[in-house]
Amino acid sequence: MSTVKERILGAVTVMREEDAVKVWDIITLQFGFEEVEPTEDEIKIITAYNNGNDEYQPYLRHEDLLKELKI
């Protein structure tokens, strides 16, 4: 990561929430990021994943995937 990006991350880490919201607004305006609210289904899936629901857990470990892909 570049020095500039590290400085940005450091600044965001210590700033107040109100200031972080202002910075985010500037970023979204400058770069045209569109914020999309998640659907109810997406929220349910993320919640299930975070709660350890087996249906939403990876079936391969990262190390096994790298071996399978010969990386």
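Everything below is about the structure printed above this text.
Residues numbered from 1 in each chain as written. Predicted model: local features only at pLDDT ≥ 70, side-chain atom pairs only at ≥ 80, totals over all residues. Heavy atoms only, no water.

### Notes on the pattern of salt bridges
Enumeration over the complete set of coordinates arrives at four salt bridges. A salt bridge links Asp19 to Arg16, with the shortest nitrogen-to-oxygen separation between them at 3.2 Å. The exposure class of Asp19 is partly exposed, given its relative accessible area of 25%. The residue Glu63 makes a salt bridge to Arg61 at a minimum N-O spacing of 3.7 Å. Taking relative accessible area as the criterion, Arg61 reaches 52% and is therefore assigned exposed. A single network of salt bridges, built from pairs that share partners, joins Arg16, Glu18 and Asp19. (Salt bridge = Lys/Arg side-chain N within 4 Å of Asp/Glu carboxyl O. Buried < 20%, exposed > 50% of the residue type's maximum accessible area, 1.4 Å probe, protein only.)

### Considerations on unusual backbone geometry
Even without glycine at this site, Lys70 takes up a positive phi of about 60 degrees. The residue Lys70 is located in the segment after α4 (62-69) in this model. Using a relative accessible area of 77% as the deciding quantity, one classes Lys70 as exposed. (Helix = DSSP H or I, 4+ residues; strand = E, 2+ residues; numbered from the N terminus.)

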